[in-house]
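Here are the chains, one letter per residue:
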Amino acid sequence: MAQAEKKGGLLWKSSASKKPLKEKVVLMYDEIFMTEDPSKCSPRFWEELFLMKVNLEYLESKLESLDGEELMKIKDNINCLFQHCIQALGEEHPIRVVNALQTLCALIRGVHQKNKSTSGFDIINMLMGFDKAELCMKLQNVRDLELQSVTDNISQNTILEYVMINSIFEAILQILSNPPSRREHGYDAVVLLALLVNYRKYESVNPYIVKLSIVDDETTLNGMGLVIAQALSEYNRQYKDKEEEHQSGFFSALTNMVSEKRAFFQTNEAILLALYEAVHLNRNFITVLAQSHPEMGLVTVPISPIPTTPVTPLGTTPPSSDVISSAELPLDDDVQTSNLLITFLKYSSIVMQDTKDEHRLHSGKLCLIILTCIAEDQYANAFLHDDNVNFRVNLHRMPMRHRKKAADKNLPCRPLVCAVLDLMVEFIVTHMMKEFPMDLYVRCIQIVHKLLCYQKKCRVRLHYTWRELWSALINLLKFLMSNETVLLAKHNIFTLALMVVNLFNMFITYGDTFLPTPSSYDELYYEIIRMHQNFDNLYSMVLRLSTNAGQWKEPASKVTHALVNIRAIINHFNPKIESYAAVNHISQLSEEQVLEVVRSNYDTLTLKLQDGLDQYERYSEQHKEAAFFKDLVRSISINVRRNLAFNTLSQEILLKEFSTIS
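In this report, we go over the structure that sits alongside the text. Small disclaimer: the values here were computed from a predicted structure and weren't measured.

A few points about the packing of aromatic side chains
The full count for this structure, using the stated rule, is 21 aromatic pairs. Taken together, a centroid distance of 5.8 Å and an interplanar angle of 85 degrees make the contact between Tyr525 and Phe573 edge-to-face. Taken together, the positions of Tyr525 in helix H27 (residues 518-530) and Phe573 in helix H30 (residues 564-583) put the pair 48 residues apart, joining distant regions of the chain. This pair shows no difference in class: Tyr525 is buried, exactly as Phe573 is. The rings of Tyr464, Trp466, Trp470, Phe507 and Phe514 are connected pair by pair, giving a single aromatic cluster. A cation sits over an aromatic face here: Lys201 above Phe629, 5.6 Å from the ring centre.

Following this line, the structure appears as structure tokens:
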């Protein structure tokens, strides 16, 4: 008997005639694409269709071959197919559910591609008919809804207009508040919510923005925070594993890590966007940042077999359900506790290392925007500065030849604000380069300033190694001066220089209210005096440019005026130090000797009171960041769609998924 070979939906007889035979499911698809109702001649047509294994390739190619007019002619049959897919999704028979799901995905994709230029309600009419829309759109599967975002710009994906009017917000919250459904669909739900919040957010009132801003249910918010923490933790864990593979010598590690990072470590902007929207819109979510959970990277995760297929770039897909379920264990005394903020800081320390790539530059910017929102929040600051809640936060540091890698076990337990400041100092020190990320530096200095404003306002005396910050800021000024010509061709460096100088003015004017000890204030003066040449050079540069009639006259003048107290300190103490050295016949004074001169000459120092040092402009998304978020959401939408990859999901895989759903 002749053997049959399957190819493209056709069964080829391996006989001499080679006459093709169509699969039964293909014949049934052909009937749907006729103008007649296929169930007229076959009453059990729809029941039998979903018992057949789906031929996605044939169904999608059939939809692709039709133009818009031809599709309209079979609209009634398309409506019926869509309606029966929805009905089958609610059945208990797993094969029918899986086949209906795959068919529905192909149908939505195909119809939307044909109707890109038409209104969302035309698409809805094509898929289900206006009369059935209310019933059919009650979809419970988050993946189905996420799949509908099939345009690069979600604000042009007008099918979402229906979801704006007929909200699925409560359904998303139910998923996040229920542990089993959260493990199964939590990642998709959080990403979907982030995308829905960004639908035409600058053009009209988005109901998802309003609803997200007033959520106060603790279980729901904690569920959302846990999903975000798990996704970021998984990224951090995989990065650390990869990093440890390259510890066989510094230079090989450095070269390997640079190439490996670019090849494998794709950042997860989708989950980062969800964190941003939660922090930015919902004051209640701030408490979730501090919610303790086990250090997820230390929790033992069941080892899965190594896949033979190519590995998806890290961070682009949701974490496995194994990781999610293991992370939801009760706290263990032997496991270090963590929280979402710590996990986020570790994640930020990774993605902010390399900003040369535009993708990672945007990811680093989003991290800094989130930290800006946190630094402005009163409750978040109270938690960050709480001296009774200390953590050991091991941030990732960029490999540099002139410094050793810090040992994890030597890290002290400190208030979390110290980790935020460490992250800012690390960024300042490691990004002074030709392709200078000016925007990120401005945001970084703003975050430090906002934290200092809180400390001054609440008189928080933080025990921090302030010298590291002062040194980093002075080196930044030195870099700006050394590269004046190159940088001025692209940036207004005086804006950044003014911010740095005013940070020193904050310490000079108000340091006695928030520096931990009087000796810390003495050390501030010591650093200014020790590095006086940098401040002298800065003054010379801004004075030169402020006396010329060029474009930099005004911004340079502002820096000139801001330097008044720093110059007063230098001009007051330097002669006294030189005199002390001459009287005592000492060629080079020790630090303690300089500090002695400083302490004994405070009373004759005159400083000018500078206004507005403890004031700042609050973060505003709509006026300054709209273009950034539009581009970011477009990029996320493309990435989400690429990684859904329904075409690669076999019936067996989907059946396995459904078998785990209770």
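Things to note about the side chain of Thr103
Take Thr103: it is sitting in helix H6 (residues 94-114). Residue Thr103 is classed as buried on the basis of its relative accessible area of 3%.

Digging into helix H28 (residues 532-546)
Spanning 15 residues, H28 covers 21 Å between terminal C-alpha atoms, matching the ideal 21 Å at 1.5 Å per step. All of the buried residues in H28 are Asn534, Phe535, Leu538, Met541, Val542, Leu545 and Ser546. Looking straight down H28, one finds that the buried residues subtend no more than 125 degrees of arc, so they occupy a single side. Turning to H28, the residues buried within the fold contact helix H24 (466-482), helix H25 (484-488), helix H26 (493-514), H27, helix H29 (553-562) and H30.

Side note on the environment of Tyr616
Looking at where Tyr616 falls in the secondary structure, it is placed in the loop between helix H31 (591-599) and helix H32 (621-624). By relative accessible area, Tyr616 is classed as partly exposed at 29%. Separated by 166 residues in sequence, Tyr616 and Lys450 have C-alpha atoms that sit 7.3 Å apart. Once residues within four sequence positions are removed from consideration, Tyr616 is found in contact with Glu376, His449, Lys450 and Cys453.

Some remarks on H24
Three or four residues apart is the spacing at which side chains of an α-helix point the same way, because the helix has 3.6 residues per turn. Under the 1.5 Å per step criterion, the end-to-end length of H24 is 25 Å for 17 residues, consistent within 8% with the ideal 24 Å. Within the sequence span of H24, burial applies to Trp466, Leu469, Trp470, Ala472, Leu473, Ile474, Leu476, Leu477, Phe479, Leu480 and Met481. In this fold, the buried residues of H24 make contact with helix H22 (416-430), helix H23 (438-458), H25, H26, H27 and H28.

Quick look at unusual backbone geometry
Even without being a glycine, Arg459 presents a positive backbone phi close to 50 degrees. Summarising the element assignment, Arg459 is placed in the loop between H23 and H24. Unusually for a residue other than glycine, His585 sits at a positive phi of about 55 degrees. Along the chain, His585 turns up in the loop between H30 and H31. In this structure His585 comes out as exposed when scored by relative accessible area, which is 75%.

Definitions and cut-offs
Residues numbered from 1 in each chain as written. Predicted model: local features only at pLDDT ≥ 70, side-chain atom pairs only at ≥ 80, totals over all residues. Heavy atoms only, no water. Phe/Tyr/Trp six-rings, centres within 6.5 Å; stacked < 30°, edge-to-face > 60°. Helix = DSSP H or I, 4+ residues; strand = E, 2+ residues; numbered from the N terminus. Buried < 20%, exposed > 50% of the residue type's maximum accessible area, 1.4 Å probe, protein only. Lys NZ or Arg CZ within 6 Å of the ring centre and 35° of its normal. Expected span 1.5 Å × (residues − 1). Arc of directions from axis to C-beta. Contact = heavy atoms within 4.5 Å.

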